[in-house]
Amino acid sequence: MSILTALRNADNALNAAGIAIRTVGHNISNAGNEKYSRQRVLTAALPASTDARFLIGNGVEVTRIERIVSDRIEVSFRDALSQFEYLRSRDLALAGLEGIFDELQGAGIEEALARFFDDVANLQNLPDDATSRRVFVLSAEALAETFRQRDRELRELRQSLDARVEKMALDINRLTSSIAQLNRQIVFAESGVQGQGVANDLRDERDASIRELAELIDIRTVETSSGAININSGRAILVDGIDSYAVEVEVEQEGDVLISSVRFVEDGSPLRPRSGALAGLIEARDDIVAKYREDLSSIADTLIFNVNRVHARGVGMVGLSSTTGSNAVTSVTEALSNAGLHYTPRNGSFDFKVRNEVTGQVKTYNIQVDLDGLDDDDTTLEDLRDAINTAVQADFPSIAASITSRLELRVSSGDTDTTFWFANDTSDVLASLGVNALFTGTGSVDIDVSDAIAADSNLVATGRGGGPKDIANVQALLAVRDQKVMQGGVATIEEFYEGVLGVIGVERAQVRDLISHQEAVKEHLRNERAAFSGVNVDEESIELIKFQRMYQGAARYLGVVDLVLQELLNVL
Amino acid sequence: MATSPLLFRTSTFSQVNLLHANIRSATSEILRRETELSTGFRVRQISDDPVPATRAIDFRRQIARGQQYMESIALARSELEATESALADATRLMTRAREIYLTENDSASSSEDTRAVAANEIAQLIHEAVEVVNRTFRDRYLFAGNDGSRPPALMVGDQVSFVGSLVTTPIQVAPGVSIERDVSAFDAFGVVSSELQGRMDLDPAVSSGTKLADVNGSTGVTPGSIMIDDGLGNNTMIDLTGAESLGDVLAAINAPGTVTATIDPSGTGIELMSGGTMITVTEVNGGTTAQELGILKASTPPLFGDDLDPRVRLTTPLTEVAGGAGIDLSGIVITNGTVSKTISLAGAQTVEDLLNAINGANAHVVASINESGNGIDLKSTLSGTRFTVAENGGTTAADLGWTVGLAELPLDQLNNGFGILALDGVDFQITLKDGGTLDIDVSGATTVQDVLDIINNDSNNGGRLTASVAVSGDRLELVDSSGGTGDLRVSPVDGSFAAQNLGIEKTVPDPGVTLTGDDLQPAGFQVDSLFNSLALLRDALIENNDSKLEHVGAMLERSSERLVLSRGEVGSRMERMNVIETRLQDHEIQMRALVSRDLEVDLADAVIEFEKQRNVLEASLSITARILNLSLLDFL
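For clarity, every value in this text was computed on a predicted model and none was experimentally measured. (Residues numbered from 1 in each chain as written. Chains lettered and ligands numbered in written order. Predicted model: local features only at pLDDT ≥ 70, side-chain atom pairs only at ≥ 80, totals over all residues.)

> Explanation requested: the overall build of chain B in the structure shown.
What chain B contains, in helices and strands, is 14 helices and 27 strands. Relative to the compact-globule value of 26 Å for 636 residues, chain B shows a C-alpha radius of gyration of 41 Å, a clear excess of over 25%. Here the C-alpha coordinates of chain B stretch approximately 160 × 85 × 50 Å along the principal axes. Burial status across chain B gives 42% buried among its 636 residues. Within chain B, residue pairs in contact and separated by at least 24 positions form 66% of the contacts whose partners lie at least 6 positions apart. (Helix = DSSP H or I, 4+ residues; strand = E, 2+ residues; numbered from the N terminus. Rg over C-alpha atoms; globule rule 2.2 N^0.38 Å. Buried ≥ 20, exposed ≤ 12 C-beta atoms within 10 Å, placed from the backbone. Contact = placed C-beta atoms within 7 Å.)

So, in C-alpha cells, the structure goes:
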C-alpha cells in the first residue's frame, strides 16, 4: 500500500464529512419550511484496491444525497387537499346563502311574508280605513322589495362565485406551466450534464406546485424515467413532460348572470374537475345557488299568481276607471292558453261588472273564455277584447277594451260616472293577463306592486261590490296564506319557505361536518408528511455531531499519516 | 384537532403544527362560547342546529300570527261593545214605549189628552231609535252592514226607511275560526219585511251559456269524464274536467263526431242523438258526472237528459225564465205608504235589469235573488206603513210570484190593518138553512185560510156549509148545501166583532143559499220592525183607537224580543272571543317557551364549557412554551 493512498483516504473522508455537514446545515436551515423534504447523505465504502496480497479499502465516498419523501403520503395528502378545498368551496356558497336567508335575525322573506298576510288580516278589521289600506300597500311593496333584494343578492353571490372561476383558471395555468418548467429543469439537472445526482430542491418546489394544483382540481400524477411528472385530471392532460396545456374561460350569458366555463385553449374541450376548489365552486354556483334562487323565485311566482287571481276578482273603495294587464301575450291571434303567457289560463268565464256611479246601479256581463281546445274557436286576446266590447258597449259606450302596443289587454272607461270591475273568474285569465293585479312580474327578480295600486290604495280589492266594509275579497286573500299551493299542493307558501331554510341549514351543517372531518384527515396526512419528510432539529444535531466526529477523526488520521510521512522523510 | 400519535419519528415542524392546531381549536371553541354568553343565543345561524332553528322560525311566525289575531279580537270586541251599548239604548227605549203602551191601553188611566201627550213622546222615541240605528263607531255606522259609510236609517216623513246593507261578514279571529263582529239591522231591529218572498220557481231554461256550477239547484256538476256508446260500436270517453258551461259539455261530446249533443227542445236538459239504435251513457271510474248532467241512462235515440234546473243568475236572460217562456214585462205598481211607483220592465233583458229597475225606483223596496237561487225576493224597507204590489196591466207580479191570494193573508192585514177583534171562546154562530148551528171560535186563526178551515172542519158542519174566498173581490163566501128552507144567518156571540170584521155578519133569506161577505180591504204588508211598532203605537195614540192599540202590544213585544235575542248573541260572541283570546295567549306563552328552548343558551352549561376550554388553552400554551424551549442545540 502506498502511504499516499492513505492521504487520499483521509481526503475522501474529509470531503464526505464536509458534504454531510453541509447537508445537515441545509436541513436545519429549512426546519421551518413546510415545502422542504429533509435530505440524507448516503455514503459508501470505496472499492478496495489490490495491494500485493490484500484488498485494502479506499475510504468513503458520498454516493447520493437522498430526499426523504413518501409517494403514498404525498398522493393521499393531495387527494385530501382536493376534497377539502372542494368542500370549502361548497361551504363558501352555503355560508353566503345562509347569510342571505338569515331569518333568525328577522328582516327576511319570512318576516315580510308574515307582515304582508298580517296586514291582509288587518284589512279585514278596517277595510275602509285609509291608513290600513296604505299600510297594506306598503307591506306588499316591502315584500316585493325583499324578494327582489334577496334575488339580487343571490345573483351577486352566483356572480361572485363565477368571478373566482376565472381566477382559478389563471392559477391552474400558472401552476401547470411552472410544473412543466420545473420538469424541464429537473430533467436537465438530473441528466448528468451539469452534475450528478438528484435535483432535490427542484423536486420539492415541484411537489409544492403540484399540491397547490391539487387544491384547485383533482389530479393524477405519473413520474417518467427522465424524472418529469405528467399530470392529468380525469381524462384531460394538463402537463406532459416539459409541455403544459393552458385552460381558458369562456363566458356565456345564462338568464341574467354570466357563467364562465373552463376549457382547454388548444382544442376547446371542457375541463370538468370532480374535486378540488374549482369543482366545488362550479357546483356551488350552478347547483346550490342556482337551485335556491329558483326556489325563491317559485315562491314569488306562486304568491303572485295566487294573490292576483283573488285580487282580480274584487273591487276596492272605488271601481276601476282603467286597468292595463301587466302580462303581454306573444300573439293576439293565438289561443290565450298558447299565447306565451307565464300563467296559463283555462276554460271558463268571468263577470264584467259596470257601475253607474250616479245611480249606484251595477250591470253584470258574463264573458266566456273558451279554451277547451275544441272547434278551433278558442279565445284569443283579440276575441277577448271583442267579447268585452260587444257585451258592454251597447249599454255603456264609454267602456272600451283594447290591446296595447305591447300586446297587453287594456280596459278603460271614458267617463267618470262609469266604473267597472271583474268578478267570478273561473278561467284565471285575469290573473294570467295581470288585469287588476296586485303584484306584477313572474318571479322574485321582477315582483312588484302594480303601479295603479301603489299610486292609489283605494284600488286594493278588499270587497266584491258590497260596500266600503265589504271584506269578502280580503277573506279570500287571507285564505291564500293557508292554501297548500306549493310542491303540487302539499305546503303553504310559508311552510315551503321554512322548508327551504331548513334544507339550507341542514346542507350547511352537513358540509361543515364533512369539512371538519376532512380537515382532520388533511391535517393527519400533513402531520404524517411532516413527520416523514420534515426536519427534526435534534436529529440533525445528532447527525451534526456524528459527522463532526468523522471529520475530526479523518483530520486526526491525516495528521498521523502526515507524521508517518514526516518520519519517512526524516530518514532521508 | 384530533391527531393520531406518530409512531416513528416527529419533525420539528409536525410538533409545531400540532401545537398550532391545539391552540387554534381551543381558541375557536372559546370564541364560540364567548359569543353564546354575550348574545344569549345558542343558535345564531340555522346551520348551527337546523331542526330546532327552523322549528323556532315556524313558532315565531305562529306567535306573530296569534298577535295579529289578538289585535283583530280587540278591535272586534270594541266594536261589539259599541253595538251592545247601542242595543242597550234601544232596549231602554222600547221599555219606555211599552210602559207608555201599558198605561195608555188601560182605559182607567188614559184619556184622549194623555194619549196625545204620549204620542208626542213616542214620536220622540222614534227619532231616538233612528239615532241608535245610525250609531257610529270609529266613523263607521254600526248597523249599516257592508255599507258602513252612510247612515242606514232615514226618516221619510213619519216613516223610517232602511238604506243600509244587511250583509255582515265574519272576521277571522283564530285559525279556522270566524266570528261576526257586527249585528245585522234585520236581526236587531227587523228593518226589512220578510213577507214577500219570491215563491214562484223561476225555473230558467238551460242554454249553452248555463254554468255547470249553477245546475241541479246550485249543487253543480262534479268535474269528471263520461263514457258514451253511440250504438254503432263507438264507445267514446269524453273528458269534461275542464268544462265550465253546458256549451263546453256539448262541444266536448260533439268533438269525436259519433254522437250529437244539443239542448233539448223543451230547454230543460241535454239531448243526445246518434245513428245507432241505442245510446248508452255510463260513468267513468265511479264518477257522478253523467248522473249530475242528467244523462246517465240508455235510450233509443234521441236520449233526453233530465231537467237540469239551473239557478237564477244576475245575467240570466228574462226570456229564459219560466222554462224558456219568459215573463211578462208590463211591470208592477208598488204602493208603499204614500209612495206609489209604477215600474215598467220594458227593455229589461236580464234578471239584473229587472232588479235594477225595481231597486232604482225609490219605492223603498229591495229586490234580490233568493237564497235558494230559484226566485226573486221583494222586501219593503219602509217602516210605519204598508206596501202592496199590483200588476201594471199585465201578469208580471204573478209571474214573479208576488201576488198573494186573500186566503194566504194574515188576519191583521184585513180591514185596512185593523185586523179581526176576536174574543176567547165562541165568536159567532152560523145558522144553516136546515136549522143546524155552527159555533165558531176564530181566536186561534192567524190567516184567512185558518178561518175558512175552522168553519169547514167544524164538527157540526158535516159538509153542509162551505166557506171559501169569493171568486172576485177580497171577500168571503159561505154556500149552504143543507137543503133546508130557513134563512142562512151569521150572528155574533157575546159581543165579539169577529163576524163583523170578517164581513159575514148578515142574513140571507130563503131561498138564497150563498152568503157573500163584505170587502175585507186588505192593507198590504208591513215591516215588522222596531220603528214600525213605535209608529203604529204613535198612530194609534193619535187616533185614540183602542182596537189599533190592542194590536200594537204584540208587535212591541216582538221588537223587544228581537233586541233581547241580539244582545244575547252579542254577549255570546264576546264570550267566544274572550275564550279564543285566552287560548291564543296560552298558545303564545307555550310558543315562546319553545323558541327559547330551541334557540337560547343554557347559561350554566355555557359558563362551565367556557371555563373548560379556557383551561385547555392555558395548558396548550404552557406546554408549547416548554416544548419549544427544549432542544439538543442547547447542549452542543
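> Honestly, the overall build of chain A in this entry has me stumped. Any pointers?
A count of helices and strands for chain A gives 12 helices and 18 strands. The C-alpha atoms of chain A give a radius of gyration of 41 Å, which is well past the 25 Å a tight globule of 572 residues would have. Its C-alpha atoms give chain A principal-axis dimensions of about 150 × 45 × 35 Å. Across the 572 residues that make up chain A, the buried fraction comes to 47%. Considering only residue pairs separated by 6 or more positions, chain A has 71% of its internal contacts joining residues 24 or more positions apart.

> Explanation requested: the nonpolar core in the structure shown.
As a rule of thumb, soluble globular proteins bury nonpolar side chains together. By size, the foremost hydrophobic cluster in this structure holds 139 residues, and its most contacted members are L97, L113, L278, V289, L336, F352 and I388 of chain A. For this core, the element with the most residues is helix 4 (residues 130-190) of chain A, which contributes 19 residues. The contacts of L113 of chain A, once residues within four sequence positions are left out, are L143, I493, E494 and Y497 of chain A. Formed by 86 residues, the second largest nonpolar core is a distinct cluster that contains V183, I343, V365 and L530 of chain B. (Core = buried A, V, L, I, M, F, W, Y, C linked by C-beta atoms within 7 Å.)

> What is the right way to look at the packing of helix 2 (residues 50-104) of chain B against helix 13 (residues 546-599) of chain B in this model?
Axes are the key here: two packed helices are described by the angle between their axes and the distance separating the axes. Residues and elements named next belong to chain B. Taken N-terminus to C-terminus, the directions of helix 2 and helix 13 make an angle of 160°; their axes are 7 Å apart at the nearest point. Judged on the interaxial angle alone, helix 13 and helix 2 are roughly antiparallel. In the packing of helix 2 onto helix 13, the handedness of the crossing is left-handed. Among the residues forming the contact of helix 2 with helix 13, the class breakdown is 28 nonpolar, 9 polar and 12 charged. (Axes fitted to C-alpha atoms, helices over the stretch in contact; angles between N-to-C directions. Parallel < 35°, antiparallel > 145°, perpendicular 65-115°, else oblique. Left-handed = near helix turned anticlockwise from the far one by under 90°. Nonpolar A, V, L, I, M, F, W, Y, C, P; charged D, E, K, R; others polar.)

> I tried to follow the interface of chain A and chain B on my own but got confused; where do I start?
Where interface size is quoted, it is often the accessible area lost as the parts come together. Each side of the interface is counted separately: chain A has 60 residues, and chain B has 58 residues. Of all the secondary-structure elements, those providing two or more residues to the side of chain A that touches chain B are helix 3 (109-125), strand 12 (348-356), strand 13 (362-369), helix 10 (472-482), helix 11 (493-533) and helix 12 (537-571) of chain A. In terms of residue count, helix 11 of chain A provides more of the side of chain A that touches chain B than any other element does, 17 residues in total. Its residues assigned to classes, the side of chain A that touches chain B shows 20 nonpolar, 21 polar and 19 charged.

> Even after reading the chapter, I still don't get the sheet that holds strand 18 (residues 382-383) of chain B, so can you show me in this structure?
Residues and elements named next belong to chain B. What the 3 strands build is an open sheet, ordered 3-4-18; its pairing is antiparallel. At either margin of the open sheet sits one strand with a lone partner, and together these are strand 3 (153-156) and strand 18. The pairing of strand 3 with strand 4 (residues 159-162) spans 4 bridges and is antiparallel. The partner of M155 across the bridge, within strand 4, is V160. (Pairing = 2+ DSSP bridges.)

> How should I be thinking about the sheet that holds strand 16 (residues 418-423) of chain A in this particular structure?
Two modes of strand pairing occur in sheets, parallel and antiparallel, and in both the strands are linked by backbone hydrogen bonds. Residues and elements named next belong to chain A. Strands sit in the order 13-12-16 across an open sheet of 3 strands; the sheet is antiparallel. Of all the strands in the sheet, just strand 13 and strand 16 have a single pairing partner and so form its edges. Averaged over all neighbouring strand pairs, the angle between strand axes comes to 25°, with direction disregarded. Pairing of strand 12 with strand 16, which is carried by 6 bridges, proceeds in the antiparallel orientation. Residue pairing for strand 16: R355 is matched across the bridge by T419. Along the sheet, helix 7 (residues 381-392) makes contact with strand 12 and strand 13, crossing strand 13 at roughly 150°.

> Sorry if this is basic, but what is going on with unusual backbone geometry here?
Glycine aside, the phi torsion of most residues is negative, and most peptide linkages are trans. All names here are of chain B. A cis amide bond links P301 with the next residue in sequence, P302, at an omega value of -5°. By the secondary structure assignment, P302 is in the loop between strand 12 (298-299) and strand 13 (303-304). Here D510 and P511 are connected by a cis peptide whose omega angle stands at 10°. Summarising the element assignment, P511 is placed in the loop between strand 25 (507-508) and strand 26 (514-516). Unlike most non-glycine residues, A322 shows phi in positive territory, near 55°. Locating A322 in the fold gives a position in the loop between strand 13 and strand 14 (332-336).

> I'm lost on the pairing of strand 10 (residues 270-273) of chain B in this one. Help?
Consecutive residues of a regular strand have side chains that alternate between opposite faces of the sheet. All names here are of chain B. Residues I270 and L272 point to one face of strand 10 and are all buried, whereas E271 and M273, pointing to the other face, are not buried. Sheet topology note: the strand 9 (residues 260-263)/strand 10 ladder contains 4 bridges and is antiparallel. Among the inter-strand pairings, A261 is bridged to a residue of strand 10, identified as L272. The antiparallel hairpin formed by strand 9 and strand 10 contains 6 residues in its connecting segment, where G267 sits at a positive phi of about 70°. Inspection of the sheet shows strand 10 paired to strand 13 by 2 bridges, in the antiparallel sense. The residue bridging L272 from the neighbouring strand is L303, located in strand 13.

> In this structure, what is going on with the pairing of strand 5 (residues 170-174) of chain B? I would like to understand it.
Residue and element names in this part refer to chain B. With 4 of 5 residues buried, strand 5 is to be regarded as a mostly interior element. Looking at chain direction, strand 5 and strand 6 (residues 177-180) are connected through 4 bridges and run antiparallel. Counterpart to Q172 in the pairing with strand 6 is S178. The antiparallel hairpin formed by strand 5 and strand 6 contains 2 residues in its connecting segment, where G176 sits at a positive phi of about 75°.

> Would you mind going over helix 7 of chain A with me for this structure?
Along an α-helix, residues three or four positions apart point the same way, because every turn accommodates 3.6 residues. Relative to the 16 Å expected for 12 residues at 1.5 Å per residue, helix 7 of chain A spans 17 Å between its end C-alpha atoms, a close match to the ideal helical length. Those residues of helix 7 of chain A that are buried lie in contact with strand 12, strand 13, strand 14 (399-403) and strand 15 (409-413) of chain A. (Expected span 1.5 Å × (residues − 1).)

> Would you mind going over the confidence of the model for chain B with me for this structure?
Should the pLDDT be low somewhere, the predicted coordinates at that spot are not to be read in detail. Residue and element names in this part refer to chain B. Mean pLDDT for chain B: 88, with 98% of residues reaching 70 or above. Mean pLDDT values over the elements of chain B span from 78, in helix 9 (residues 414-417), up to 94, in helix 3 (residues 112-133). For the stretch residues 1-6, pLDDT sits under 50, and the model shows 15 contacts to residues farther than four places along the chain or on other chains. As scored by the predictor, the complex reaches a pTM of 0.86 and an ipTM of 0.83. (pLDDT = per-residue confidence, 0-100.)

> Please explain the packing of helix 2 (residues 71-100) of chain A against helix 6 (residues 276-311) of chain A as it appears in this structure.
Residue and element names in this part refer to chain A. At a minimum axis separation of 7 Å, helix 2 and helix 6 run at an interaxial angle of 30°. Our classification of the angle between helix 2 and helix 6 gives roughly parallel. Like other packed secondary-structure pairs, helix 2 and helix 6 cross with a definite hand, here right-handed. Of the residues in helix 6, those touching helix 2 at S82, E85, Y86, L87, R88, S89, R90, L92, A93, L94 and L97 are G276, A277, A279, G280, L281, E283, A284, I288, V289 and Y292.

> Explanation requested: helix 3 of chain A in the structure shown.
For helix 3 of chain A, spanning 17 residues, the distance from its first C-alpha to its last is 24 Å, which sits close to the expected 24 Å at 1.5 Å a residue. Counting buried positions over the 17 residues of helix 3 of chain A gives 17, a clear majority of the element.

> In this structure, what is going on with the confidence of the model for chain A? I would like to understand it.
For chain A, the average pLDDT comes to 92, and 99% of its residues sit at 70 or higher. Per-element averaging of pLDDT across chain A places strand 2 (residues 49-51) of chain A at the bottom with 78 and strand 18 (residues 448-449) of chain A at the top with 97.

> What is the right way to read the environment of L42 of chain A from this model?
All names here are of chain A. Within the fold, L42 resides in strand 1 (residues 39-45). Each C-alpha atom of the pair L42 and V62 lies 5.9 Å from the other, and the pair is 20 residues apart in sequence. Other than its neighbours up to four places away in sequence, L42 contacts T63, R64 and E66.

> Honestly, the environment of A213 of chain B in this entry has me stumped. Any pointers?
Residues and elements named next belong to chain B. Counting through the fold element by element, A213 comes out in the loop between helix 4 (185-189) and strand 7 (225-229). On the basis of neighbour count, A213 is assigned to the partly exposed category, with 16 C-beta atoms found within 10 Å. Spatially, the C-alpha atoms of A213 and P223 are 9.9 Å apart, while their sequence positions differ by 10 residues.

> What's the story with the environment of A56 of chain B in this structure? I'm lost.
Residues and elements named next belong to chain B. Here A56 lies in helix 2. Taking the number of C-beta atoms within 10 Å as the measure of exposure, A56 has 23 and is therefore buried. Counting along the chain gives 10 residues from A56 to I46, while the straight-line C-alpha distance between them is 9.8 Å. Aside from chain neighbours lying at most four places away, what touches A56 is V595, D598 and L599.

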